[in-house]
Amino acid sequence: MNPRHLLTLEEFSPKEVSGLLGLAAKIKKSPSNYQKALAGQCLAMIFDKSSARTRISFEVGTYQLGGHALFINGSEIQIGKRESVSDTAKVLSRYVQGVMIRTYAHSIVEELAENSGVPIINGLTDSHHPCQVLADFQTVQEEFGKLKGLQLVYVGDGNNMTHSLMIISAKTGVHCRVVCPPGYEPDSTILKSAQKEGEKTGSRIEMTHQVEGSTKAADVVYTDVWASMGQESEKEKRVKDFQGYQVNEKLMSESPKAIFLHCLPAHRGEEVSAGVIDGKQSRVWDQAENRLHAQKAVLVTLLSGKAKRSKN
Ligand code: CP
Ligand code: NVA
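Residues numbered from 1 in each chain as written. Chains lettered and ligands numbered in written order. Predicted model: local features only at pLDDT ≥ 70, side-chain atom pairs only at ≥ 80, totals over all residues. Heavy atoms only, no water.

(A) A look at the sheet that holds strand β4 (residues 120-122). In spatial order, the strands read β2-β1-β3-β4; together these four strands make up an open sheet with parallel pairing. Across the chains shown, the open sheet's two edge strands, defined by having one partner strand only, are β2 (68-73) and β4. Taken pair by pair, the neighbouring strands of this sheet meet at an average axis angle of 20°, ignoring direction. Two elements, strand β1 (residues 42-47) and strand β3 (residues 98-102), share five bridges in a ladder whose sense is parallel. For Leu-43, the partnering residue across the bridge sits in β3 and is Gly-98. Contacting β1, β3 and β4, helix α12 (residues 284-303) crosses the sheet at an angle of about 155° to β4. (Pairing = 2+ DSSP bridges. Helix = DSSP H or I, 4+ residues; strand = E, 2+ residues; numbered from the N terminus. Axes fitted to C-alpha atoms, helices over the stretch in contact; angles between N-to-C directions. Contact = heavy atoms within 4.5 Å.)

(B) Representation of the site of ligand 2 in the model. Near ligand 2 the following residues occur: Leu-124, His-129, Asn-159, Asn-160, Asp-224, Val-225, Ser-228, Met-229 and Leu-264. Here a nitrogen atom of ligand 2 and a side-chain polar atom of Asp-224 are 2.6 Å apart. Ser-228 places a side-chain nitrogen or oxygen 2.7 Å from a nitrogen atom of ligand 2. More than half of the atoms belonging to ligand 2 lie within 2 Å of the grid points that define the largest pocket. (Near = heavy atom within 4 Å. Polar contact = N/O pair within 3.5 Å; in protein donor to acceptor, adjacent residues only side chain to side chain. 1 Å grid on protein atoms, 1.4 Å probe; cavity = no way out; pocket = protein on both sides within 12 Å on 5 of 7 lines; lining within 4 Å. Sits in = over half its atoms within 2 Å of the grid points.)

(C) View of the site of ligand 1. Around ligand 1, the neighbouring residues are Ser-51, Ala-52, Arg-53, Thr-54, Arg-102, His-129, Gln-132, Cys-263, Leu-264 and Arg-291. A distance of 2.6 Å is found between an oxygen atom of ligand 1 and a backbone nitrogen or oxygen belonging to Ala-52. Separating an oxygen atom of ligand 1 from a side-chain N or O atom of Arg-291 is a distance of 3.1 Å. Starting from 260 Å² of accessible surface for ligand 1 in isolation, the protein chains cover 96%. More than half of the atoms of ligand 1 fall within 2 Å of the grid points belonging to the largest pocket. Taken together, the residues that form the shell around ligand 1 break down as three nonpolar, four polar and three charged. (Areas by Shrake-Rupley, 256 points an atom, 1.4 Å probe, with all protein chains shown as cover. Nonpolar A, V, L, I, M, F, W, Y, C, P; charged D, E, K, R; others polar.)

(D) Region of interest: the environment of Leu-65. Of note, Leu-65 is situated in the loop between α2 (53-64) and β2. Residue classification places Leu-65 among the buried residues on the basis of a relative accessible area of 0%. Between the C-alpha atom of Leu-65 and that of Leu-38, which follows or precedes it by 27 residues, the distance is 5.3 Å. Leu-65 has contacts with Tyr-34, Gln-35, Lys-36, Ala-37, Leu-38, Ala-39, Lys-296, Leu-299 and Val-300, leaving out every residue within four places of it along the chain. (Buried < 20%, exposed > 50% of the residue type's maximum accessible area, 1.4 Å probe, protein only.)

Okay, here's the thing in C-alpha cells:
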C-alpha cells in the first residue's frame, strides 16, 4: 500500500478534515498523551524558501511527539538539480519516516509523492499551503465553536493561501468569498473544484473584485501579503495594483463581530493596517500557536503507524 500524503487537502474527505481538526484540538488540550506518538521516527524537512512558523512548528512538534526532525537547506540537497526528484524521494524513503517540503512548483511535491515510500507533507508551494489552513480553521473553530455555515472573507491576492482557504472551506461547509483586484484572481480550476466540493457540504465559494460591502456578513476576515515568496520583483507594481484592498479599521468596522486572521509574516501598512492586526479583532497569535498543534495532528495521522510503507 502507498503511504498517505498531504499535498493540497483535496485528497482528504470532509470527515477526515474534521478528524484532523478534532485531533489538533485534543493534542492542544492534552499534549502529554502524545509524547511517544512518533517515538524513534524521523521527519526530513526540506526548505527551498524561507520559513519561521512552518519550520519551528514542525521541528518542535516532532520533538514533542518523541521523534526527531532534520532541517535540510534546499540549496544543499538541490532537489531536482543535483539529482532527480524521484531519486531523492526513493533515497529519503530509506532513511526517514516522513518528508515535509517547502518549495516553488507544486509539481515537485507531486513528483516526490509519486515516488516516495513515506508520507510527503506540503509545507507550502506556489499554489498551496494546506498545513497553514488547518491551524487557521482550528482557530476559527475555537472562536465560534463550529465551522459549518460561517462566512470567511479573504481580501487580497489570489495566491497559495487563497487556494488552500477555498479548499478547506469547501471541505468544512464554510462559505468563502475571495475579494481580489482584477488580474490577481485565484486559479480558476481550483476555484471550480472547490465550488463543486462545496455543493456537497453546503459551502458557497465565490469571487468578486468589489471590496465595498464585501465583509458585511463576515465571521472571519483574512488577508495575506500582496507579493509572495518568489514574486519579490513584482512588489512595486503589486503595491500599486492592490491599493484599496487593504484590511483596515474601516473595512473591519463593517463586521464588528468578525475575527481577523493572517498567516504571517505580515506587512503592516500594506495588506493590513497596524490597528487591525494589533487590534481587538485580531487572533493572529493564537493562529500562529495553532500551527504547532495542527502540525502535530498531521504528523500523528500520517506518520504514527497509520500510514503504510510502499515498496520504495
Ligand atoms: N505562515 C507561515 O507559513 O509562516 P512561515 O513562512 O514563517 O513558515
Ligand atoms: N503567500 C505567502 C504565504 C507565506 C506563508 C507566500 O507564499 O509567501
